[in-house]
Amino acid sequence: MSDIFFTSDEHYHHANILKYTKRPFSTVASMMDGLIERHNKVVKPEDTVYHLGDLMFGISRQRAEELKSRLTGNHILITGNHDDSAAHMAHYLGWEVHYRIRELNIEGKPVTLSHYPLISWNKKAYGSYSLHGHMHGTLPFDPLVRRLDVGV
């Protein structure tokens, strides 16, 4: 049986993310290794992973191929504000890419995926959920709103 996972804002190969966030890494290489190790501890090869934007920053084909070879699972990218080149790389790697938003139905519940937090989304008044990134943990979770930041 396969599982579905959601994540966002990995910022692979993005040196400045270490300055802007409180990630527990001193170098980009240690961040890459740490994120990939954590990912692979929970994601099995048959699982699906939705990346909700800001996947990789200014990345070459060689680095994209290396990243793909190291990450387990089947990957789908919902683009974010830093994903212009990442979307091209994801297509090149054979990943499914959706621009800005995607709606799913998971176990009978509608779920809206986007990089940005939404104030309103489809079927919000009927119990649907919104998963997003972009905020790097600065938007507190409110269970009454049913919106969750899934960023690393």
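Draft legend 1. Highlighting the pairing of strand β7 (residues 129-132). Both strand β6 (residues 109-114) and β7 contribute to a ladder of three bridges, which runs parallel. Each residue of the ladder has a partner; that of L113, found in β7, is L131. Strand direction decides the pairing type here: β7 and strand β8 (residues 147-149), joined by three bridges, are parallel. Along β8, the bridge assignment pairs S130 with R147.

Draft legend 2. Layout of the sheet that holds strand β3 (residues 74-78). Strands sit in the order β1-β2-β3-β4 across an open sheet of four strands; the sheet is parallel. Only two strands of the sheet have a single partner each, and these edge strands are β1 (4-7) and β4 (96-98). Direction aside, neighbouring strands of the sheet carry axes that sit 20 degrees apart on average. For strand β2 (residues 48-51) and β3, the ladder comprises four bridges, and the chain directions are parallel. Among the inter-strand pairings, V49 is bridged to a residue of β3, identified as H75.

Draft legend 3. Quick peek at the sheet that holds strand β5 (residues 101-106). The mixed open sheet is built from four strands, whose spatial order is β5-β6-β7-β8. At either margin of the open sheet sits one strand with a lone partner, and together these are β5 and β8. Each neighbouring strand pair of the sheet contributes to a mean axis angle of 20 degrees, computed without reference to strand direction.

Draft legend 4. Examining the packing of aromatic side chains more closely. On inspection of all chains with the given rule, the structure shows one aromatic pair. Over the ring of Y92 we find R61, and its NZ or CZ is 4.0 Å from the ring centre.

Draft legend 5. Spatial organisation of the pattern of salt bridges. Per the stated rule, a full pass over the model turns up six salt bridges. With a shortest N-O distance of 3.6 Å, K41 and E37 are connected by a salt bridge. Taken together, the residues K41 and E37, both in helix α2 (residues 28-42) and four residues apart, mark about one turn of the helix. Its relative accessible area of 66% is what places K41 among the exposed residues. For E37, a relative accessible area of 47% corresponds to the partly exposed category. We note a salt bridge from D47 to K44, for which the minimum N-O separation is 3.6 Å. Classification of D47 as buried rests on a relative accessible area of 0%. By relative accessible area, which is 31% here, K44 ends up partly exposed. Bridged by salt links that share partners, the residues D3, K44 and D47 form one connected network.

Draft legend 6. Quick look at the packing of helix α3 (residues 61-70) against helix α4 (residues 84-93). Contact geometry for α3 and α4: axes closest at 10 Å, N-to-C directions at 60 degrees. Classified by the interaxial angle, the pair formed by α3 and α4 is oblique. Crossing geometry of α3 relative to α4 is assigned as right-handed. Residue-level contacts link R61, A64, E65 and K68 of α3 to M89, Y92 and L93 of α4. Residues belonging to the contact of α3 with α4 are distributed by class as follows: four nonpolar, no polar and three charged.

Draft legend 7. Looking closely at the nonpolar core. Counting residues in hydrophobic clusters, the biggest one holds 22 residues, and the most contacted among them are Y12, M56 and L67. For this core, the secondary structure elements donating two or more residues are α1 (17-20), α2, α3 and α4. The contacts of M56, once residues within four sequence positions are left out, are Y12, A64, L67, H82, D83, A86, M89 and A90. In this structure, L52, L104, L113 and L131 belong to the second largest nonpolar core, which totals nine residues.

Rules behind the numbers
Residues numbered from 1 in each chain as written. Predicted model: local features only at pLDDT ≥ 70, side-chain atom pairs only at ≥ 80, totals over all residues. Heavy atoms only, no water. Pairing = 2+ DSSP bridges. Helix = DSSP H or I, 4+ residues; strand = E, 2+ residues; numbered from the N terminus. Axes fitted to C-alpha atoms, helices over the stretch in contact; angles between N-to-C directions. Phe/Tyr/Trp six-rings, centres within 6.5 Å; stacked < 30°, edge-to-face > 60°. Lys NZ or Arg CZ within 6 Å of the ring centre and 35° of its normal. Salt bridge = Lys/Arg side-chain N within 4 Å of Asp/Glu carboxyl O. Buried < 20%, exposed > 50% of the residue type's maximum accessible area, 1.4 Å probe, protein only. Parallel < 35°, antiparallel > 145°, perpendicular 65-115°, else oblique. Left-handed = near helix turned anticlockwise from the far one by under 90°. Contact = heavy atoms within 4.5 Å. Nonpolar A, V, L, I, M, F, W, Y, C, P; charged D, E, K, R; others polar. Core = buried A, V, L, I, M, F, W, Y, C linked by side-chain atoms within 4.5 Å.

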